[in-house]
Amino acid sequence: MKAIVRLRYAAKTDVGMKRAHNEDYFSLIEDEKVFLVADGMGGHACGEVASKLSGDVISEFYQHSKDMDATWPYRYDPALSYPENRMVAAVRLANARIFDAAQKNPNLRGMGTTIVGAMFVGDYVYVAHVGDSRCYRVSQDGIKQLTRDHSLLEDYKDARPDMSEEEARNFPHKNVITRALGMRDTVVVDITKHEIKDGDQFVLCSDGLCGMLDDKTIGRIVREATTLENAVAELIEQANRAGGTDNITAMLIQCNL
């Protein structure tokens, strides 16, 4: 029998200290318990078009696929569960829509977005992502990153497993991502499944947060905050104090069994 998980959440986004406008976007599909954070990119405010479009398309697909007889845009993968197939299809469709919009409108050419999403089903959470927006689990055991950035730095780490923390910090192209929605007409979506334990908190964020604060600092702020709202506000404030070089978005979901 599946446990009933009670969810509480808070989210906040901020333009940061260096950018003229905010290309991050967060959204929630409440009846499906799906939480999303997207970090747009592209000149002339195209990034904010792409990030919002990703959330809109994913929400649209979840509403469409409530009908068990609805036609899906992609073939069902028998290696994945139904929730995993649904989430992957939604993200792939968002990629196709963003790519198509950019091809049709020269003003939107080159736009794209990263995406990270968490869907809560019973006592499990399914985490899907493309790019370097992240999901963390914060628990009594500390903080753990549940996603792997699709970036040149991570690819280099795979090739050089003995790479030191100092070398990683000084890596010249660490902000270059290798995968995002809208870059090509198709995209590979990474998805993982994690069992939820009582008191677990999940942080979804853009790289404007995790690029400014290390994992231990994020975990400490989340654990020490008196409310979820205080936690996301403090995360953003500290990221801005550390330089705020990008837009910053933090979404925090607390789970109680």
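Description of the structure in this document. Since the model is a prediction, treat every value here as computed from it, not as a measurement.

Calculation rules
- Residues numbered from 1 in each chain as written.
- Predicted model: local features only at pLDDT ≥ 70, side-chain atom pairs only at ≥ 80, totals over all residues.
- Heavy atoms only, no water.
- Phe/Tyr/Trp six-rings, centres within 6.5 Å; stacked < 30°, edge-to-face > 60°.
- Helix = DSSP H or I, 4+ residues; strand = E, 2+ residues; numbered from the N terminus.
- Buried < 20%, exposed > 50% of the residue type's maximum accessible area, 1.4 Å probe, protein only.
- Lys NZ or Arg CZ within 6 Å of the ring centre and 35° of its normal.
- Salt bridge = Lys/Arg side-chain N within 4 Å of Asp/Glu carboxyl O.
- Axes fitted to C-alpha atoms, helices over the stretch in contact; angles between N-to-C directions.
- Parallel < 35°, antiparallel > 145°, perpendicular 65-115°, else oblique.
- Left-handed = near helix turned anticlockwise from the far one by under 90°.
- Contact = heavy atoms within 4.5 Å.
- Nonpolar A, V, L, I, M, F, W, Y, C, P; charged D, E, K, R; others polar.

1. Points about the packing of aromatic side chains
Line of reasoning, step 1. Summed over the entire model, instances satisfying the criterion amount to six aromatic pairs.
Line of reasoning, step 2. Measuring from ring centre to ring centre gives 6.1 Å for W72 and Y76, while their planes differ by 45 degrees; the resulting arrangement is tilted.
Line of reasoning, step 3. Geometrically, the ring pair formed by W72 and Y82 is tilted, given 6.0 Å between the ring centres and 40 degrees between the ring planes. With a gap of 10 residues between them, W72 in the loop between helix 1 (46–64) and helix 2 (82–104) and Y82 in helix 2 connect regions that are remote in the sequence.
Line of reasoning, step 4. Its relative accessible area of 30% is what places Y82 among the partly exposed residues.
Line of reasoning, step 5. Each residue in the set Y9, F35, F120 and F202 is aromatic and connected to the rest through ring pairs, giving one cluster.
Line of reasoning, step 6. One residue, R92, lies across the ring of Y74, its end atom 4.0 Å from the ring centre.
Line of reasoning, step 7. Over the face of the ring belonging to Y124 we find K193, whose NZ or CZ atom lies 4.3 Å from the ring centre.

2. Things to note about the pattern of salt bridges
Line of reasoning, step 1. Within the structure shown, the criterion is met by 15 salt bridges.
Line of reasoning, step 2. Of the charged contacts in the structure, one is a salt bridge between D215 and R134, with a shortest N-O distance of 3.9 Å. With D215 in helix 6 (residues 215–224) and R134 in strand 6 (residues 134–139), this residue pair connects regions lying 81 residues apart in the sequence.
Line of reasoning, step 3. Judged by relative accessible area, D215 falls into the partly exposed class, the value being 28%.
Line of reasoning, step 4. Judged by its relative accessible area of 14%, R134 falls in the buried class.

3. Here's the deal with the packing of helix 1 against helix 2
Line of reasoning, step 1. For the pair helix 1 and helix 2, interaxial distance at closest approach is 8 Å and the crossing angle is 135 degrees. Of the possible angle classes, the one that applies to helix 1 and helix 2 is oblique. Seen along the crossing, helix 1 lies across helix 2 with a hand that is right-handed. Residues A50, L53, S54, V57, I58, E60, F61 and Y62 of helix 1 form the contact with helix 2, whose participating residues are R86, M87, A89, A90, V91, L93, A94, R97, I98 and A101.
Line of reasoning, step 2. In the contact of helix 1 with helix 2, the residues fall into 14 nonpolar, one polar and three charged.

4. Considerations on the side chain of S54
Line of reasoning, step 1. Within the fold, S54 resides in helix 1.
Line of reasoning, step 2. Excluding anything up to four places from it in sequence, S54 contacts A38, A94, I98, T113, I115 and L181.

5. A short note on unusual backbone geometry
Line of reasoning, step 1. Non-glycine residue K33 carries a positive phi angle of around 55 degrees.
Line of reasoning, step 2. Along the chain, K33 falls in the loop between strand 2 (24–29) and strand 3 (34–41).

6. Let's talk about the environment of G244
Line of reasoning, step 1. Structurally, G244 can be placed in the loop between helix 7 (228–241) and strand 10 (248–256).
Line of reasoning, step 2. Look at G244 and you get buried, because its relative accessible area is 0%.
Line of reasoning, step 3. For the pair formed by G244 and R75, sequence separation is 169 residues and the distance between their alpha carbons is 42 Å.
Line of reasoning, step 4. Contact partners of G244, with chain neighbours within four places excluded, come to G16, M17, K18, M212 and A239.

None of this, on its own, says anything about what the molecule does.
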